[in-house]
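Close look at the chain arrangement
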Amino acid sequence: MGDLAILADLQTCDTRLSQLRHRLGNLPEVRELASIEEDIFDAKEKLTHLESEIGQIKKEQKRLEHEVLLLETKVAKSNDALYGGSLTSPKEAEALQDEIKSVQRRQTILEDQIIELMEMEEPIALSFASESSAVKRLEEHCEEIGGRVLGIQSEIEAEKSEVETERARLVGSVTAELIALYDKQIVRMGGNVGVARLTGTTCGACYLDLSALDLDKIRSADENEITECPECGAFLIK
Ligand SMILES: [Zn+2]
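All residue numbers refer to position in the chain's written sequence, counted from 1. The predicted nature of this model means local features are confined to residues of pLDDT at least 70 and side-chain atom pairs, given and counted, to a pLDDT of 80 or more, with totals for whole chains, interfaces and linings taken over all residues. The side-chain numbers reported here are obtained from all heavy atoms of the structure, hydrogens and water having been left aside.

**Focus: the coordination of the zinc ion**
Looking at the metal site, the zinc ion is ligated by Cys203 (SG), Cys206 (SG), Cys229 (SG) and Cys232 (SG), spaced 2.3 Å from it. Metal donors were taken as nitrogen, oxygen and sulfur atoms no farther than 2.8 Å from the ion, or 3.2 Å where the ion is Na, K or Ca. Water is excluded, so coordination may look unfinished. In these descriptions, tetrahedral denotes four donors with every angle between 85 and 135 degrees, square planar four donors and octahedral six donors with opposite donors over 155 degrees apart and the rest between 65 and 115, and irregular any other case. Given four donor atoms and angles of 105 to 113° at the metal, the environment of the zinc ion is assigned as tetrahedral. Here the donor residues for the zinc ion map to a single chain with the spacing C-x2-C-x22-C-x2-C. Here Cys229 lies in the loop between strand E3 (227-228) and strand E4 (235-237) and Cys203 lies in strand E2 (residues 202-203), a separation of 26 residues in the sequence. Judged by relative accessible area, which is 0%, Cys203 ranks as buried. Starting at the N terminus, helices and strands are each numbered in turn, a helix being any DSSP run of H or I of at least four residues and a strand any DSSP run of E of at least two. A simple rule labels every residue: compare its accessible area, found with a 1.4 Å probe on the protein chains alone, to the largest value its type can have, and call it buried under 20%, exposed over 50%, or partly exposed in between.

See below:
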């Protein structure tokens, strides 16, 4: 194989490398992963909000329960005084009985409030539970896709390093001048295919058919002479 033909192989390596880099940078799975991570973030924020709502309700419930307990103690004490035989007048007994009734009324109000709080908490606790399992499902999905991404990435990296090895071998097999010429041609072509093989009558870079006249010129050229596709400017290797 002539040295110029090696440039076509070099171009094949570079085209493949650029495809692999593009694939690596644009994996749909990575985009999917980012969107799921966003969903997890939102769901967790919702969970924190629900948790704080439940916490507030529980705190209020505890406060009321404590107050009920104090009232119960108060009633017990008043009952002790009422039936302990230490009272000196019926008026005193009457006052105590009134007090007990008033405390018990307050107790009933508090107990109703506790029940209301429990009823308020129930749907919030249900939302918390369903949101928690949603987060768990999302995290599992995330892990599964994350594993898949790692697999694809390592597959691409493996092929990339294979192609890079082949590219280094090709670069080492021709003169530095020829590589410099290749690099210049790639820059000139603005990143498009700069070296291609002529397949039949077709340019391997732009896939256009060459005229008989152009084909004749290329075919009759010396093996080491650089010929260009008149359509796209790529070096054409016979
Ligand atoms: Zn062309």
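Here the narrative resumes.
**Some thoughts on the domain arrangement of the protein**
Parsing the protein into structural domains produces domain 1 (26-169) and domain 2 (177-237). The domain limits used here are those given by an automatic or database domain assignment. Of note, the centres of domain 1 and domain 2, computed from C-alpha atoms alone, are 71 Å apart.

**Re the sheet that holds E2**
Here, strands pair whenever DSSP counts at least two bridges between them. An order of E2-E1-E4-E3 is seen for the four strands of this open sheet, with the pairing classed as mixed. Only two strands of the sheet have a single partner each, and these edge strands are E2 and E3. Bridging between strand E1 (residues 195-199) and E2 involves two bridges; their strand directions are antiparallel. Along E2, the bridge assignment pairs Leu198 with Cys203. Contacts between residues were defined by any pair of non-hydrogen atoms, one from each residue, lying within 4.5 Å. All axes are obtained by fitting lines to C-alpha atoms, using only the stretch in contact for helices, and the reported angles, taken between N-to-C directions, cover 0 to 180 degrees. In the packing of helix H1 (residues 3-25) onto the sheet, contacts are made with E1 and E4, and the angle to E1 comes to roughly 110°.

**Overview of the pattern of salt bridges**
Just to be clear on terms, a salt bridge is a Lys or Arg side-chain nitrogen sitting within 4 Å of an Asp or Glu carboxyl oxygen. Summed over the entire model, instances satisfying the criterion amount to 14 salt bridges. The salt bridge partner of Lys44 is Glu139, with a shortest N-O separation of 3.1 Å. One end of the pair, Lys44, is in helix H2 (residues 28-83); the other, Glu139, is in helix H3 (residues 90-172), and 95 residues separate them in sequence. Given the relative accessible area of 34%, Glu139 is considered partly exposed. Among the salt bridges present, the one from Glu140 reaches Lys136, with a minimum N-O distance of 3.8 Å. Of the two residues, Glu140 and Lys136 are both situated in helix H3; the distance of four residues between them amounts to about one turn of the helix. Taken together, the salt bridges that share partners define one network made up of Glu60, Arg63, Glu67 and Arg106.

**Notes on the packing of H1 against helix H4 (residues 176-188)**
Where H1 contacts H4, the two axes come as close as 11 Å, and the packing angle between them is 50°. Taken together, H1 and H4 sit at an angle that is classed as oblique. In this structure, H1 crosses over H4, and the sense of that crossing is right-handed. Contacts between H1 and H4 pair Asp3, Leu4, Leu7, Leu10, Gln11 and Asp14 from the former with Leu178, Ile179, Tyr182 and Ile186 from the latter. When residues are grouped by polarity, Ala, Val, Leu, Ile, Met, Phe, Trp, Tyr, Cys and Pro land in nonpolar, Asp, Glu, Lys and Arg in charged, and all others, Gly among them, in polar. Among the residues making up the contact of H1 with H4, the classes are represented as seven nonpolar, one polar and two charged. Here roughly perpendicular refers to angles of 65 to 115 degrees, roughly parallel to angles under 35, roughly antiparallel to angles over 145, and oblique to all remaining angles. Rotating anticlockwise by less than a right angle from the far helix to the near helix defines a left-handed crossing, while the corresponding clockwise rotation defines a right-handed one.

**Overview of the environment of Ile179**
Checked against the element boundaries, Ile179 lands in helix H4. Remark: the alpha-carbon pair of Ile179 and Leu7, spanning 172 residues in sequence, is separated by 7.9 Å. Apart from residues lying up to four places away in sequence, Ile179 is in contact with Leu10, Val171 and Val174.

**Some points on the side chain of Asp14**
Topologically, Asp14 is positioned in helix H1. Not counting residues within four places of it along the chain, the set of residues in contact with Asp14 comprises Arg167 and Tyr182.

**Let's talk about the pairing of E1**
As paired elements, E1 and E4 share three bridges and run parallel to each other. Its bridge partner being in E4, Ala196 is matched across the sheet by Leu236. In sequence, E1 turns back onto E2 through a hairpin of two residues, with Gly200 there showing a positive phi of about 65°.

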